[in-house]
Structure formats: C-alpha cells, structure tokens
There are 2 protein chains.
Amino acid sequence: MVGSSLPPGFRFHPTDEELVGYYLNRRNEGLVIELEIIPGIDLYKFDPWELPEKSFLPSRDMEWFFFCHRDRKYHNGSRINRATKSGYWKATGKDRKIVCQSSSSVTGCRKTLVFYLGRAPFGGRTEWVMHEYRLYDNDTSQGSLSFKGDFALCRVMKRNELTLKKCENSSPEVSNEPLSNNVEISCQESYLGKGSCDTSITLGASPDFNRESSLKV
Amino acid sequence: MVGSSLPPGFRFHPTDEELVGYYLNRRNEGLVIELEIIPGIDLYKFDPWELPEKSFLPSRDMEWFFFCHRDRKYHNGSRINRATKSGYWKATGKDRKIVCQSSSSVTGCRKTLVFYLGRAPFGGRTEWVMHEYRLYDNDTSQGSLSFKGDFALCRVMKRNELTLKKCENSSPEVSNEPLSNNVEISCQESYLGKGSCDTSITLGASPDFNRESSLKV
C-alpha cells in the first residue's frame, strides 16, 4: 500500500453512478480499482458509530464508504441480516434504479436504510442513514429483476442539523437585504503553513495506481 | 505544466476556508500553491457564459474558479468596475466573514453577486451567480476593516433547476413510503472500460507538485 496526499479542496465526492458503474462493478468483477479507498468490512458486526474509524477516508462530510459481503439471514433464504449489537438497519423510502448510460449492461439499485436502536419493531430511530448499492443482473430471461455479485457498496452517513444546514447554505443568498452585514463562519483546517491541509485525504493506492496515473506533459 | 488524472469520484470541492486560507492567501502572498488549478483572468472582460472554457477544471457542478486582479472603476477611487460587455454583476445578500481558526491572522470576506443583462438599473437578472472572496487586512489600528492583497478569488456558478434539485437530493429519502418503487436515474459517465472516468479532472500542476506529492510508503 502506498499513499499520497491530495491538495486542499480535493475530496472523494462520488456520484451514485460512479459508485455503481466503477467501484461496485469492478469489485464484483474482480477488476483493478485505481485507488483502493473503499475497504471491505463485515458491516453488520459493528454499530454505525464504530464505522468511521474503519474508513480509509476521514470525511468532514460525515460520510463513509464500505464494501460489504452479502451474508444472508437464513442459509437458504434471500433476506439479509441487518441487525447489529445495539440495533438494526431498516429500509425506508423508495429504491432508486441507477443506469449507467455509457454501458447499459451495468445497472444497479440504491436502497436507503435508517439505523434504529433496540430491537424491531420497538427500536428508536437515529441520525445514522445508509445508502446500500447493489448491481442488478441484466439477464432478464427469467422475467424478474435479481441482484448479482457478492458485494454491496454502502455509504454510511450521520445526518444532523449541521449537515442539513450545509446543503441549504450551498445555494447563494440572493435576497435583496442590505449589504455589509457580516455573518461570521469559522474554519478548523490548519493548512496555512504547509503545502496541503489537515483535511486533505491520504489515499491508499493499489500498486497499479503508480503506473496508471503517471504524470504526463 | 504537467497534468495527472484523478480517480473516479474525486473532485475539487473546496470550502470557503480553503479558498481564503490557502488559495487566496497564498496567491496574494506570492507563496507556492501545490496545484495551480485556479487561473488568473481579467474576469470582467468576459460575460459569464464565456468563463467556463477559461477554467482549468471542467465542472459538472457548474462552478468555476478564478483569481481576478482588483481593477478600480476610477483611478483614484475604491469602487470596483463590475460591468461586462453584456451586463453587470450586482452585489446581493449579506457579506460573510471567513475566519481561519488555525491562524487568526487570516480572515476574509465572501460577497455574493448576481449577473444582470443590460445596464443598471434596468438590467434583467440571470442565473449566473458569483462568490467573490477577498482577504481582510487585520491591521485594525485605523479602526475599520479594509481589504488587502491585489487579488480576489471568484467562484462563478450557474444556478438552474437541476443544481437546486441536486442539493435537495443529497439528503436521503427517509419517508415511510412503500418499498420497491424504483426511481430511475441515469449516468452519463463512461468509465467502465478504463481506469478513470470522463469526468475525472485533469490537473494542471506546478513543477513543485511532483516533488511535494511524491508517493510515500
């Protein structure tokens, strides 16, 4: 494993399509991934607050990415066991189909889950949310959609007031309020004295990365 | 100039603090910037729709970054001439003070401006928005805040329905709607057959980047 630092301002902010079409597809196909920045873990062995420290990417966005092997709840069934020591992940909302237009052979699904403390159906909802990505098997000869591949890709998120606020703040203030009222925000990064900042990501790269990303004029 | 590609999912998504505390501060102080990914241009010589092609970073986020020298409207005045060929940039909303906690000596200001077509005060508002960052002079011996440095850093954005939608979509669906209703989204990237995707950024780096970012075990 080798590592390199990114310059200030560069972050791992993948789209759903990149997660499915590149990272998940390549993991399931056994193809080389340029940078091995998504670890594989036995996700449901851990409560969500134990997960951030297992990520290769320290994330100020409160998002962490993992590959997770598909263990079934019952040996001969298709249901997934999503219980942890302190609670369980429960699906919510609509599943979202992800189609990679560059290759119609790769499609996937994004399921949203929320973590509940305790045991179903009496668990207490928490701020921990997960997007679970899976690949669809495009062989529809059997008439129904099914999943393929041994791995899911999970984006674990901690939602809180601040996270929601960040999204709201990303649209500019375009009201016609009087000027020169200063709103103070603060910065916790310390990159002033050096080439790269504390929040820049240290990447774990496969040896192929060196070859593939060789600098070119 | 040398260039290297980033792996899929990595993007230039800087915080205000990184823009002010690292990029703008270093530009004004004449210090080395690890990656020269923000070009200096005479911003008001161009209408906003001419700017994206001048950026070093093709941005799917409809955001482009530039350094801009502070030309004054009148030789002996302090007002900035923000008129272009087809219209003008007009300040709106509240200015935001940006404090870098790692070094209280660096503070800055973010001003929001909207582009209007035509001539003031009869211009027509457009979807082009700009955040203009400046450094504050922390020598407050004269009792009032003033700016320092010859350069401003400008984040030019084109806001549209899609951009706003993207922000809304970034919070998960946590309603208790029935499952298995698929919502289809699509992907225009084509990275399936290669190491990095079309949307990965090609970086223009200063020669120092090679030295500073050398891979380490």
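Computed from a predicted structure; not experimentally measured.

## Here we look at the overall build of chain A
Then, number 1: Looking only at helices and strands, chain A has 3 helices and 9 strands in total.
Then, number 2: Helices (α) and strands (β) of chain A occur, in sequence order from the N terminus, as β-β-α-β-β-β-β-β-α-β-β-α.
Then, number 3: A total of 217 residues make up chain A; the buried ones form 50% of that total.
Then, number 4: Across chain A, every contact between residues at least 6 apart in sequence was considered, and the portion connecting residues at least 24 apart equals 66%.
Then, number 5: Total accessible area computed for chain A in this model is approximately 10500 Å², and 49% of it derives from carbon and sulfur atoms.

## Considerations on the packing of aromatic side chains
Then, number 1: Going through the model one piece at a time under the given rule, you end up with 18 aromatic pairs over all chains.
Then, number 2: Between Phe-12 of chain A and Phe-65 of chain A, the ring centres sit 5.1 Å apart and the planes meet at 75 degrees, which makes this aromatic pair edge-to-face. Residue Phe-12 of chain A is located in strand E2 (residues 10–12), and its partner Phe-65 of chain A is located in strand E3 (residues 63–69); the two are separated by 53 residues in the primary sequence. In this structure, Phe-12 of chain A and Phe-65 of chain A share a single accessibility class: buried.
Then, number 3: These aromatic residues form a ring-pair network of at least three members: Phe-10 of chain A together with Phe-12, Tyr-22, Tyr-23 and Phe-65 of chain B.
Then, number 4: A cation sits over an aromatic face here: Arg-27 of chain A above Phe-151 of chain A, 4.3 Å from the ring centre.

## Quick look at the confidence of the model for chain A
Residues and elements named next belong to chain A.
Then, number 1: Looking at chain A, the pLDDT average stands at 74 and 65% of residues meet or exceed 70.
Then, number 2: Put simply, helix H3 (residues 207–212) is where chain A has its lowest mean pLDDT, 32, and strand E5 (residues 107–117) is where it has its highest, 96.
Then, number 3: Residue range residues 166–217 is modelled with pLDDT below 50. Its contacts to residues more than four positions away, or to other chains, number 155 contacts.
Then, number 4: Interface confidence for the predicted complex, given as ipTM, is 0.72, next to a pTM of 0.71.

Conventions adopted
- Residues numbered from 1 in each chain as written.
- Chains lettered and ligands numbered in written order.
- Predicted model: local features only at pLDDT ≥ 70, side-chain atom pairs only at ≥ 80, totals over all residues.
- Heavy atoms only, no water.
- Helix = DSSP H or I, 4+ residues; strand = E, 2+ residues; numbered from the N terminus.
- Buried < 20%, exposed > 50% of the residue type's maximum accessible area, 1.4 Å probe, protein only.
- Contact = heavy atoms within 4.5 Å.
- Areas by Shrake-Rupley, 256 points an atom, 1.4 Å probe, with all protein chains shown as cover.
- Phe/Tyr/Trp six-rings, centres within 6.5 Å; stacked < 30°, edge-to-face > 60°.
- Lys NZ or Arg CZ within 6 Å of the ring centre and 35° of its normal.
- pLDDT = per-residue confidence, 0-100.

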